Every structure is written in C-alpha cells, then in structure tokens.
Amino acid sequence: MDARRDTGAGSGQIVINIHNEPQPTDLGDVRVANRAVVLRHVRLHAPCSRADIAARTGLNKATVSSLVTELIDQRLIRETGLTENRVGRPATMLVLDGEPYAALGLQIGADELVAVAIDLGGNRLLTWRRAFAASTVSPTETLRALAALTRRAVGRVTAQGRTVLGLTVGVPGLVDPSGAVPLASALGWRDVPVAAELRAALREPEFAVGVDSVANLAALAEQRHGGYAGGTDLVHLTGGLAVGAGIIAGGRLLRGGRGFAGEIGHLSLDPSGPPCPCGNHGCLTALVGLPAVVRRLLPDVEADGPVTDYLPELTRIVALARQDDPGVCGGLAETGRHLGRGVAVLADLLNPETVVLGDHFATLAPWLLPAARSELAARAHAPGAGGCRLEASTLDTAGALGGATAALATVEAGRLPVR
Ligand SMILES: [Zn+2]
C-alpha cells in the first residue's frame with residue numbers, strides 16, 4: 001500500500017490516503033505521519049482552525065479533530081481565544097504550545113562553547129556563550145565542559161517547568177550516523193565517541209542526545225530561521241576553525257553516504273599554499289579559516305604565542321578595516337578572493353540559490369563580499385554563477401540554533417514526547 005502521496009500543491013504537505021486496504025501494522029505509522037502533517041500545518045499557518053487544517057491538508061475532519069485533541073492533551077498545540085470571522089460558526093483557532101517543552105543545541109566554536117534553547121515554536125529561551133578553546137585541550141576536557149554547560153541549561157529550562165525534548169551538539173568536523181567523530185582536524189580529534197560519552201556524562205538522560213557537524217546544523221538553522229529561510233537549495237558556509245558547507249539540496253540536508261558531505265574546507269585551492277591542520281597545503285580552511293585570516297591581517301599576532309581567543313583579534317580587524325587601514329583592507333580583499341573561488345566550486349557543483357556566509361565571514365562581510373562576489377562571477381562556469389547569490393548570515397550562533405532545531409525533529413515527525 002502506498003500510504004502517502006504528494007499533493008503537488010507546492011507546499012510540501014503530505015496527504016495520507018488510507019482508503020486502499022490499510023494493513024493493521026501500518027495504522028500506527030499513518031497516525032504518526034498524520035500527526036506530523038497537522039503539527040507542520042499549525043507551525044507554518046498558525047493561528048488556524050481545525051477546518052483550515054482539514055481543508056489544506058486533505059485529511060478528513062474527524063481525523064483532524066481526533067489528532068488535535070491528542071496534540072492538545074500532549075500540550076504540543078493549544079487553543080487561543082481567537083476566532084475567525086466567516087460565514088457560519090466562529091472557529092476556535094490553534095497555535096503551537098510554546099510553554100511545556102524545550103529543545104537544546106550546543107556548539108563547539110573556535111574559542112567558545114555555545115548553548116541555545118528554543119521552544120516548540122522556535123522561540124529562543126536562552127543563548128549562552130562560554131569562553132573555551134577546544135583546540136588546545138583534550139576531547140575529554142571539552143566533553144566534560146559541554147556536559148557541564150548542558151546540565152546548567154537543562155536545569156534552567158526544567159526550572160521553568162519545561163520537559164527537554166532533545167539535545168544536538170555541533171562539532172566542527174566529520175560526524176558519523178552513530179554520533180561519533182572519526183576526524184575533526186581543526187580540534188585535533190580522531191575517533192571520539194561524542195554522543196556516547198556525552199550521554200554517559202549526563203547519566204543517560206531521558207531525552208535524545210544527537211551529534212552533527214556544525215555546518216549541517218547551521219544550514220538547518222538557516223533553512224528554518226535565517227534571512228533566506230524556506231529556500232530549497234541553500235548552502236551555509238561556516239567559518240571559525242573549520243570551513244565547512246551545510247548543504248540543503250531539494251529542500252533536504254545533503255549528507256552523502258556516510259554523512260561526510262560538505263567538506264569543502266579541505267579542497268586544496270593552492271597546493272603550494274600554507275599548511276592546513278589536516279596535513280595538506282592550501283586548503284580553503286588554510287586560506288580563509290579564522291586562524292588564517294587573523295594571521296594574514298595581524299602579522300604580529302602570534303608574537304606572544306598561539307592565539308586561542310579570537311574575538312579581540314576579530315574586533316581589532318573590524319576597527320582597522322573601518323579606518324580603511326590599507327594592509328587590513330588589502331588582506332580582506334585577498335581573503336574575499338579565496339573565498340569566492342571556494343564558493344564558485346559550490347555554485348558549479350550544487351547550483352544553489354543562495355550561499356550564506358556564517359561566523360567570521362559574516363562579521364567581515366562588508367569587506368569580504370565585494371571581492372568574493374566578483375571572483376564567484378568570474379570563476380563559476382554557469383552564466384551569472386547560475387543565479388547563485390552570496391550573502392552574509394543574519395543568524396547569531398547558527399550551529400547551536402540548528403542543534404536545537406534538529407532536536408525538535410522527532411516530535412515534528414509526529415512521535416509523541418516522553419513526559
Ligand atoms: Zn585541509
């Protein structure tokens with residue numbers, strides 16, 4: 001039995017058709033899928049009535065009514081006092097219930113750990129940034145610090161009476177489907193079972209603990225919450241220690257066979273270029289990653305030892321660029337050209353509508369974008385770079401926000417939360 005068919009209405013909604021001799025074992029799955037359809041409709045179109053949901057999704061009214069009752073019982077949606085003015089009886093309107101739940105996202109940044117919590121509607125409950133140089137300590141120390149930050153964030157949201165739906169951690173490196181990190185060269189990590197160790201450090205919590213690459217999570221955040229949200233073909237290019245591409249293609253995250261897609265940071269653009277933490281030379285990361293940019297623009301910066309706190313250096317660069325310092329502006333234009341060459345590869349491979357620049361690229365965008373855009377236009381094979389726009393992200397802490405967004409996925413897919 002083919003239980004699903006696309007409405008073709010352009011909304012991506014799925015209509016469930018159970019009229020063709022449903023197998024009893026399928027009914028549970030159908031209800032889960034229908035629940036997801038209702039939740040998605042309320043998320044995108046709230047406030048809306050039961051009749052609206054039935055009309056727009058193709059589900060029959062009795063099914064919608066039963067699902068809505070269940071979702072209200074679970075406190076995933078709630079009724080508002082609003083009514084719709086239309087001929088006939090006024091309808092009770094429905095919205096997502098933001099109160100009872102929270103989803104957490106964490107991110108290992110260049111010189112910080114970030115925690116973000118959101119409610120079911122995607123509203124931010126907290127954003128915490130803690131100075132921490134993960135590349136200078138052992139994986140064990142980093143995971144211990146992540147667990148401590150998680151415990152505090154969980155404590156904060158549970159004190160508000162919320163149940164934690166899940167947690168996803170963003171790591172700047174390769175993450176396999178089990179949540180282990182086979183390689184994160186920017187951190188010097190090999191074979192770190194991040195999800196398993198974090199679950200153990202949190203004493204096997206009731207909620208799911210997921211791990212993904214920062215780039216994938218940032219792309220999810222961009223697709224859901226960013227200035228170019230809703231696009232079906234979008235790339236978020238992360239900066240910081242490890243340049244990586246989170247790729248939304250045809251509306252879905254492109255992961256590849258083992259989950260390692262998007263590692264454009266180790267595309268060697270100049271084999272005689274500077275060394276990269278991965279062992280090669282002239283990788284995009286070695287040319288435009290945050291350490292490379294700081295080294296290029298502030299040649300004196302490592303006189304007192306390696307940089308572990310990048311924010312003051314980035315602030316210094318912005319101040320010098322604002323004063324039109326010729327050395328810094330020239331260095332930023334050079335960085336922009338390298339970046340544009342990398343983006344041209346993405347444009348040719350994926351033909352995205354938009355490539356969004358995150359992290360330090362977004363901070364430095366006013367000085368990087370002109371050179372990067374002209375390099376993109378000159379290098380990409382398709383005329384006009386295939387329509388690819390290159391823009392700066394407007395999101396703060398995109399990786400952690402995407403982690404929290406990913407932690408909502410199970411409920412959004414129609415599975416009821418454990419309370
Ligand atoms: Zn490399």
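Residues numbered from 1 in each chain as written. Predicted model: local features only at pLDDT ≥ 70, side-chain atom pairs only at ≥ 80, totals over all residues. Heavy atoms only, no water.

**Q** For this particular structure, what's the right way to read the UniProt feature "domain: HTH marR-type" (unreviewed entry) in the protein chain?
**A** Look at the UniProt record and you will see "domain: HTH marR-type" (unreviewed entry) annotated at residues 37-79. With 70% helix and 12% strand, residues 37-79 has its two end C-alpha atoms placed 18 Å apart. (UniProt positions renumbered as here; feature names shortened; annotations may be inferred. Helix = DSSP H or I, 4+ residues; strand = E, 2+ residues; numbered from the N terminus.)

**Q** Which parts of the structure should I look at to understand the sheet that holds strand β14 (residues 244-249)?
**A** The strands that make up a sheet are held in pairs by hydrogen bonds between backbone atoms, and each pair lies either parallel or antiparallel. Ordered in space as β15-β14-β13-β16-β17, the five strands form an open sheet in which the pairing is mixed. Each of the sheet's edge strands pairs with one partner strand only, and the pair in question is β15 (252-253) and β17 (389-392). Taken together, the two bridges between β14 and β15 define a ladder with antiparallel strand orientation. Counted as the bridge partner of A249 is R252 from β15. (Pairing = 2+ DSSP bridges.)

**Q** Is there a simple way to think about the packing of aromatic side chains in this case?
**A** The description of an aromatic ring pair rests on the distance of the ring centres and on the angle between the ring planes. Going through the model one piece at a time under the given rule, you end up with zero aromatic pairs. Sitting above the plane of the W128 ring, R152 keeps its charged end 5.3 Å from the centroid. (Phe/Tyr/Trp six-rings, centres within 6.5 Å; stacked < 30°, edge-to-face > 60°. Lys NZ or Arg CZ within 6 Å of the ring centre and 35° of its normal.)

**Q** How should I be thinking about the packing of helix α10 (residues 326-350) against helix α12 (residues 365-379) in this particular structure?
**A** Orientation of α10 relative to α12, taken along the N-to-C sense of each, is 40°, at an axis distance of 7 Å. In terms of orientation, α10 lies oblique with respect to α12. Considering how the two elements wind past one another, α10 and α12 form a crossing that is right-handed. Residues L332, A333, T335, G336, R337, L339, G340, R341, V343, A344, A347 and D348 of α10 pack against W367, L368, A371, A372, E375, L376 and R379 of α12. Considering only residue class, the contact of α10 with α12 consists of 11 nonpolar, three polar and five charged. (Axes fitted to C-alpha atoms, helices over the stretch in contact; angles between N-to-C directions. Parallel < 35°, antiparallel > 145°, perpendicular 65-115°, else oblique. Left-handed = near helix turned anticlockwise from the far one by under 90°. Contact = heavy atoms within 4.5 Å. Nonpolar A, V, L, I, M, F, W, Y, C, P; charged D, E, K, R; others polar.)

**Q** Would you mind going over the sheet that holds strand β9 (residues 163-171) with me for this structure?
**A** Pairing in this open sheet of five strands is mixed, and the strands run β8-β7-β6-β9-β12 from one edge to the other. Two strands close off the open sheet at either side, each with one partner strand: β8 (124-131) and β12 (208-213). Along the sheet, successive strands turn relative to each other by an average axial angle of 15°, direction set aside. Contacts from helix α5 (residues 194-201) reach β9 and β12 within the one sheet, and its direction differs from that of β12 by about 145°.

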